[in-house]
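These are the residues of each chain, in order.
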Amino acid sequence: VYLHTPATPEQLLRAKVHLRVRLMAMNPGEEDGYTSVLEIDESLSLLERVKYYSQSAVAVQRLVHVQELGACAEEIGPAAALSELVPLLKDVSCDAELSVRQALAEQLVPLCAVLMKAPEESAEVEGEETSAHAVVVETCVPLLSAMLTAGGGQELAGGGSAQLIDAAAEALVAIAALLPADEVGTTVLTAVLTLAHDDESEENRVVATQLLGSLAPVVSAELCCQFVLPEVISLADDPVFRVRKVAALKLGGLTAAVGAELAQARLLSVYEALAADDIWGVRKACVESLPEIANALPVDVRAERLVPLLRSLYEDGSRWVRICACQALGPFLAALPSDAISPELLRLFTQLAAPANPARADAADSDIAYFCAFYLPGVAQAVGASRWPELAEAFRTLTTNMQWKVRRTLSCAMHELASILGSGLTESELVPTFDYFLKDLDEVKVGVVASIAPFLRALSPEARHKYLGAIVEMRAETDNWRFRHTLALQLADIGPLFPREAAVESLVPLALDLATDSVAEVRIAAMAKVGALLASLFADEPRPLADASPLAAFLRMVCNMASSASCHRRANCVQICTSLVADLPPQLTREHLLAELATLAEDRVPNVHRDMGEIWAVYGRDMGEVRSRYGRDMGEMRAVCGRDVGEIRARYGRVCVWCVVCMVCVCVVRCVCTCVCVVCVCVVCVWCVCGECGVCGVCVCGGVCVCVWCVGCVCVC
């Protein structure tokens, strides 16, 4: 595969490892030899492994552990990173493997971030006392500069590559952001300017142009105007088209950095010259940066200078430039005021939706319709609702496009269009399409379902009422749980949109159904919103609640779940009550829920009682009534709820554990990591609170389970 497919150096290294594994499988007798080459001593700490294996003779071991430099620095802190990790950098930067050097470039950023947390920290590095700040400026920046030059300040084995140069350039910009703005000029910017003045290497000038554009927002405004701006202007006139192309791409960010006045005076003419370049790649780069430049220039300049420029690029002799101009037309129009968008200019945009559009026919595979659909809301916002008739035909054409991704894009933007057009135009122009998308493919339907609340908010109360039944039916008419999940996330926003009586009759049962859904993600989303939904619907409910009150009926249904034979429904009861306690008045939940919840604190299933701690935290300051009624103090309740396993072990030695299958106590088995039920002979994994096995006396987790529900604790026996 690697002989016929372009591969990165890291992929080639991994291929070598895969080959070794294959050889181990094909030659069992030689397994020990291969294993000894690749094995890693896991008894070493992360720092010890990084220091040892970054100098390994096996390239893949060096790669893996160089990639751990950032994590190791975070773990050991600035002082240890300075004394232990910095001495490794020079040797790793000269590694024979390109992928190792690339990994070093990527890891220098998190390493420098750790060092800059304590810039005054000092330590002895290679026999000299140096500070963390000095290491960043005098060691890390020169290393990255050397990687950029591919043999400049320091000879790098194997030369440079695009991946290494890109990684080093990104790292250099990221490290520049960690330094004070005025200090960037004497460190990073100086190295970049050296590359820009290298007349012998066009690759160095290309890299320098990229870096200058990226550094423009990082350096101080004075340095940007004094050094970056003139250098980019000079590089924009470079005889090598690759340098001019990068300059055209970076003009947008530079324009925003230097300000509108200076950009208009010095950069606009440069941009216009590049837009008329003989090389189509340079002109295409100008089109790509056009929206960013438009946003940085004054409105009148956009209309007077950039609109004619876009027209010429839209009709360029290169099909690639024309395609790019079609793609850039939407964001460019969105940056213009309505008065500057003439009907002819707007027509250029609407034509992108038409199948017979010549520009689109010239580039059938360029996704022009997709870009038109994507930027339609932005253009509609720019021209305003009054000019919707000019966009309406393009909108209708896009809604019937054969590509579902085009329709999906519009589906996800329906609520944005509704907020722009207002209720009148929304009901006449968008509602039919909204109804159509509700019956489309799931890939399209998900867009309108995900934004159904904000879309309905834009409708009049009369128009939105018909969707209440559709919302309720949505749960039953699809097997796709993601729709139920999306609907559950919007319960609290949908409720206030409808009359109280209708919402109580339809949405409250829906909320309870979603809160007890068979899919965990749906239940979690619904239970998080059910409290807010009830709080909005029953904000004016008189106190105390009447027995016939819908809210009282709902609370009784929740309380009935507490006595269910199903442990899953009892667990759902606790989780729903957690949401209710957070959003409903405390006195209300105290009167109607607390008594039932107190009984669940002693539930024999850990999944039920473990979540009770959040509720006790809410009522912890007022538990006198519960204490007197149930005869137990707060500390013991927390222990029963599983909030303090250490206290349980110290007080009782072990805990009575019930099998979640047959509900029979299995205390006869000392090891509760893998409890064997005495009735159904099932192996049940429960909270690890014992610390030893009844057979071998050893528990591999040492009695401390790192997760709430131990699913992988297996004793050595």
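Residues numbered from 1 in each chain as written. Predicted model: local features only at pLDDT ≥ 70, side-chain atom pairs only at ≥ 80, totals over all residues. Heavy atoms only, no water.

Novice: What am I meant to see in the overall build of the protein chain here?
Specialist: In terms of helices and strands, the protein chain carries 41 helices and 4 strands. Looking at the protein chain residue by residue over its 717 residues, the buried ones come to 49%. In the protein chain, once contacts between residues fewer than 6 apart in sequence are set aside, the share between residues at least 24 apart is 63%. When the accessible surface of the protein chain is split by element, carbon and sulfur atoms take 53% of a total near 32700 Å². (Helix = DSSP H or I, 4+ residues; strand = E, 2+ residues; numbered from the N terminus. Buried < 20%, exposed > 50% of the residue type's maximum accessible area, 1.4 Å probe, protein only. Contact = heavy atoms within 4.5 Å. Areas by Shrake-Rupley, 256 points an atom, 1.4 Å probe, with all protein chains shown as cover.)

Novice: How should I be thinking about empty space enclosed by the protein in this particular structure?
Specialist: Over the atoms a probe the size of a water molecule is rolled, and this reveals where empty space is left. Inspection of every chain in the model, using the stated rule, returns 1 cavity of 30 Å³ or more. Computed from the structure, the largest cavity encloses a volume of approximately 40 Å³. Around the largest cavity, the lining residues are Leu251, Thr255, Ala263, Leu267, Leu268, Tyr271, Ile293 and Leu297. For the lining of the largest cavity, the secondary structure elements donating two or more residues are α14 (241-258) and α15 (260-275). In terms of residue count, the dominant contributor to the lining of the largest cavity is α15 (4 residues). Of the residues belonging to the lining of the largest cavity, the class tally is 7 nonpolar, 1 polar and no charged. (1 Å grid on protein atoms, 1.4 Å probe; cavity = no way out; pocket = protein on both sides within 12 Å on 5 of 7 lines; lining within 4 Å. Points joined across faces, edges and corners; volume = space filled by probe spheres on them. Nonpolar A, V, L, I, M, F, W, Y, C, P; charged D, E, K, R; others polar.)

Novice: It is not clear to me how the side chain of Thr350 should be interpreted in this structure. Could you clarify?
Specialist: For Thr350, the location among the structural elements is in helix α19 (residues 343-350). If near-sequence neighbours (up to four positions away) are discounted, Thr350 is found in contact with Glu390, Leu391 and Ala394.

Novice: Looking at this structure, how should I read the pairing of strand β2 (residues 128-131)?
Specialist: For a regular strand, side-chain orientation follows a simple rule: the groups alternate between the two sheet faces. Two strands pair when backbone bridges link them, and strand β1 (residues 122-125) and β2 are joined in this way by 4 bridges, in the antiparallel orientation. Following the sheet pairing, Glu124 is matched in β2 by Glu129. In this antiparallel pair of consecutive strands, β1 and β2, the connection spans 2 residues, and Glu126 shows a positive phi of 55°. (Pairing = 2+ DSSP bridges.)

Novice: Explain the nonpolar core here, please?
Specialist: Buried together is how nonpolar side chains tend to be arranged in soluble globular proteins. In this structure, Leu85, Leu306 and Leu333 are the most contacted members of the largest nonpolar core, which totals 211 residues. For Leu85, the residues in contact, after removing those within four places along its chain, are Leu47, Val50, Leu69, Cys72, Ala73, Ile76, Ala80 and Leu111. (Core = buried A, V, L, I, M, F, W, Y, C linked by side-chain atoms within 4.5 Å.)

Novice: Explanation requested: the packing of helix α22 (residues 388-399) against helix α24 (residues 414-438) in the structure shown.
Specialist: The relative placement of two packed helices is expressed as an angle between their axes plus a distance between the axes. Contact geometry for α22 and α24: axes closest at 12 Å, N-to-C directions at 30°. Between α22 and α24, the interaxial angle falls into the category roughly parallel. Relative to α24, the crossing made by α22 is right-handed. Between α22 and α24, the contacting residues are Trp388, Ala392, Phe395, Arg396 and Thr399 on the first element and Met414, Leu417, Leu421, Leu425, Glu429, Leu430, Thr433, Tyr436 and Phe437 on the second. Residue composition of the contact of α22 with α24, by class: 10 nonpolar, 2 polar and 2 charged. (Axes fitted to C-alpha atoms, helices over the stretch in contact; angles between N-to-C directions. Parallel < 35°, antiparallel > 145°, perpendicular 65-115°, else oblique. Left-handed = near helix turned anticlockwise from the far one by under 90°.)

Novice: How should I be thinking about a negative patch on the surface in this particular structure?
Specialist: Taken together, Glu39, Asp41, Glu42 and Glu48 make up a surface patch of like negative charges. Mapping Glu48 onto the fold places it in helix α3 (residues 46-53). On the accessibility criterion, Glu48 (41% relative accessible area) is partly exposed. (Patch = residues over 30% accessible without salt bridge, like charges linked within 9 Å, V, L, I, M, F, W, Y side chains within 5 Å. Salt bridge = Lys/Arg side-chain N within 4 Å of Asp/Glu carboxyl O. Lys, Arg positive; Asp, Glu negative; His and termini not counted. Charge placed at Lys NZ, Arg CZ, Asp CG, Glu CD.)

Novice: Help me understand helix α28 (residues 467-474) in this model?
Specialist: Structurally, the α-helix is built with 3.6 residues per turn, so residues lying three or four positions apart point the same way. Buried within α28 we find Tyr467, Leu468, Ile471 and Met474. Down the axis of α28, the buried set is contained in an arc of 125°. They therefore lie on one face. (Arc of directions from axis to C-beta.)

Novice: What exactly am I supposed to notice about the packing of helix α4 (residues 59-66) against helix α7 (residues 98-115) here?
Specialist: Two elements in contact, α4 and α7, have axes whose closest approach is 9 Å; the angle formed by their N-to-C orientations is 10°. With respect to α7, the axis of α4 lies roughly parallel. Across the interface between the two elements, Ala59, Arg62, Leu63 and Val66 of α4 pack against Ser99, Val100, Ala103, Leu104 and Gln107 of α7. Class assignment for the residues of the contact of α4 with α7 results in 6 nonpolar, 2 polar and 1 charged.

Novice: How should I be thinking about the environment of Ala328 in this particular structure?
Specialist: Position of Ala328 among the secondary structure elements: in helix α18 (residues 319-334). Here Ala328 falls in the buried class, since its relative accessible area comes to 7%. When the C-alpha atoms of Ala328 and Phe349 are compared, they prove to be 9.9 Å apart, with 21 residues separating the residues in sequence. Once you skip the residues sitting within four places of it in the chain, Ala328 turns out to touch Val287 and Pro291.

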